[in-house]
Amino acid sequence: MALIPDGERLVSRYLREHAAIDALGARVVGKTPDSTSTSWVRVTQLDAGQGPSPSDRLVPFYFQFDCYAGAEGGQPEANTLGRTIRAALTEMSGTYADGTVSGAKINGDGRIPDGDFEPARERRVLTATVWAHA
Amino acid sequence: MGLYVPNPNFENELSEDGDLDEPLVDAAESVKGEAEGIVHRIMPRTATSAFEIQTDDDGVFLVNTDYGGHIAEFGSANSPPYAPLRRGVMAAGLRLEEN
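Colleague: So what's going on with the packing of helix α2 (residues 21-38) of chain B against helix α4 (residues 84-91) of chain B? Residues and values would help.
Modeller: Residues and elements named next belong to chain B. Running from amino to carboxyl end, α2 crosses α4 at an angle of 125°, the nearest separation of the two axes being 8 Å. Taken together, the axis directions place α2 and α4 in an arrangement best described as oblique. In this structure, the crossing between α2 and α4 has a hand that is right-handed. Two secondary-structure elements touch here, α2 through Val 31, Glu 34, Ala 35 and Ile 38 and α4 through Pro 84, Leu 85, Arg 87, Gly 88, Val 89 and Ala 91.

Colleague: With reference to specific residues and values, describe the pattern of salt bridges.
Modeller: Taken as a whole, this structure holds 13 salt bridges over all chains when the rule is applied. Note that A:Arg123 is salt-bridged to A:Asp66, the shortest N-O span being 3.1 Å. Note that A:Arg123 is positioned in strand β6 (residues 123-133) and A:Asp66 in strand β3 (residues 59-68), a separation of 57 residues in sequence. Across this residue pair, the class does not change: A:Arg123 and A:Asp66 are buried. The partner of B:Lys32 in a salt bridge is B:Glu36, and the shortest N-O contact between them spans 3.3 Å. Of this pair, B:Lys32 and B:Glu36 are both found in helix α2, four residues apart, which corresponds to roughly one turn of the helix.

Colleague: Tell me about the interface of chain A and chain B, and name the residues and values.
Modeller: With 18 residues of chain A in contact, the opposing surface of chain B contributes 16 residues. Of the roughly 1200 Å² buried between chain A and chain B on both sides combined, carbon and sulfur atoms contribute 51%. Three residues, A:Leu46, A:Tyr62 and A:Asp116, lead the burial of chain A against chain B; their summed loss comes to 38% of the area buried on that side. Linking chain A with chain B are zero salt bridges. For the interface between chain A and chain B, the tally reads 14 residue pairs in polar contact (both at pLDDT 80 or more). By residue class, the composition of the side of chain A that touches chain B is six nonpolar, six polar and six charged.

Colleague: Just give me the short version of the packing of aromatic side chains, but keep the residues and values in it.
Modeller: Residue and element names in this part refer to chain A. Summed over the entire model, instances satisfying the criterion amount to six aromatic pairs over all chains. With a centroid separation of 4.3 Å and an interplanar angle of 10°, the aromatic rings of Trp 40 and Tyr 68 are classed as stacked. You can see Trp 40 sitting in strand β2 (residues 40-47) and its partner Tyr 68 sitting in strand β3, a full 28 residues away along the chain. One aromatic cluster in this structure is built from Trp 40, Tyr 68 and Phe 117.

Colleague: Can you lay out the sheet that holds β6(A) for me, pointing to particular residues and giving the numbers?
Modeller: With respect to topology, six strands assemble into an open sheet ordered β1-β2-β3-β6-β5-β4 (chain A), the strand pairing being mixed. Two strands in the sheet have a free side with no partner beyond their single neighbour: β1 (27-29) and β4 (94-96) of chain A. Across this sheet, the average inter-strand angle for adjacent strands is 35°, counted without regard to direction. Packing of α4(B) onto the sheet brings it into contact with β2, β3 and β6 of chain A, and relative to β2(A) it is tilted by some 35°.

Cut-offs and rules
Residues numbered from 1 in each chain as written. Chains lettered and ligands numbered in written order. Predicted model: local features only at pLDDT ≥ 70, side-chain atom pairs only at ≥ 80, totals over all residues. Heavy atoms only, no water. Axes fitted to C-alpha atoms, helices over the stretch in contact; angles between N-to-C directions. Helix = DSSP H or I, 4+ residues; strand = E, 2+ residues; numbered from the N terminus. Parallel < 35°, antiparallel > 145°, perpendicular 65-115°, else oblique. Left-handed = near helix turned anticlockwise from the far one by under 90°. Contact = heavy atoms within 4.5 Å. Salt bridge = Lys/Arg side-chain N within 4 Å of Asp/Glu carboxyl O. Buried < 20%, exposed > 50% of the residue type's maximum accessible area, 1.4 Å probe, protein only. Buried area = accessible area lost by both parts, 1.4 Å probe. Polar contact = N/O pair within 3.5 Å; in protein donor to acceptor, adjacent residues only side chain to side chain. Nonpolar A, V, L, I, M, F, W, Y, C, P; charged D, E, K, R; others polar. Phe/Tyr/Trp six-rings, centres within 6.5 Å; stacked < 30°, edge-to-face > 60°. Pairing = 2+ DSSP bridges.

Encoded structure:
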């Protein structure tokens, strides 16, 4: 029996270890961190339906990436973080400890500030499909 | 022998004649059913479904009418993105295109 890769772990680990994201000091997390004073990216897998192959080998993982600015960074920081995540995803093809990625496609890239903060916190919401197999 | 030339305006012409409304409403009903199984309601506006199918001259729309519908779809710091509309489209077997 073959398991599909853990998509969130595969992508999150890749982003955490990416030099450009590390240089921004952004955290890559699965849920909102306790401290929201500095920037972060929340990775959520929305879907992972079966691809065209009946073997369920190459899986299209559908992700949302919430790219939040820190308390002082505002729109420029959220935009830079979102664009950096986008660039990192598009060059993600390769083999990693958690699986092999054959490609990624950006599906959406919008500015959706989060009104749970006062004032609303700047956020870029990226959605992307990442095709991966074990 | 004639050469078949596809009409690039075929879909627009069908839409203008209203011939697309019925199949689009059928598709919206399918997505609505899937979305109702996914949704985590936030600030409900009604006690019944969060979703309404709305039709006007611009097309057929499936709308989350809850006051917190945007949070259910895209999430916030205090809520993950449940994404009932986007996941509903995929669960209904349709192709999702975001723009």
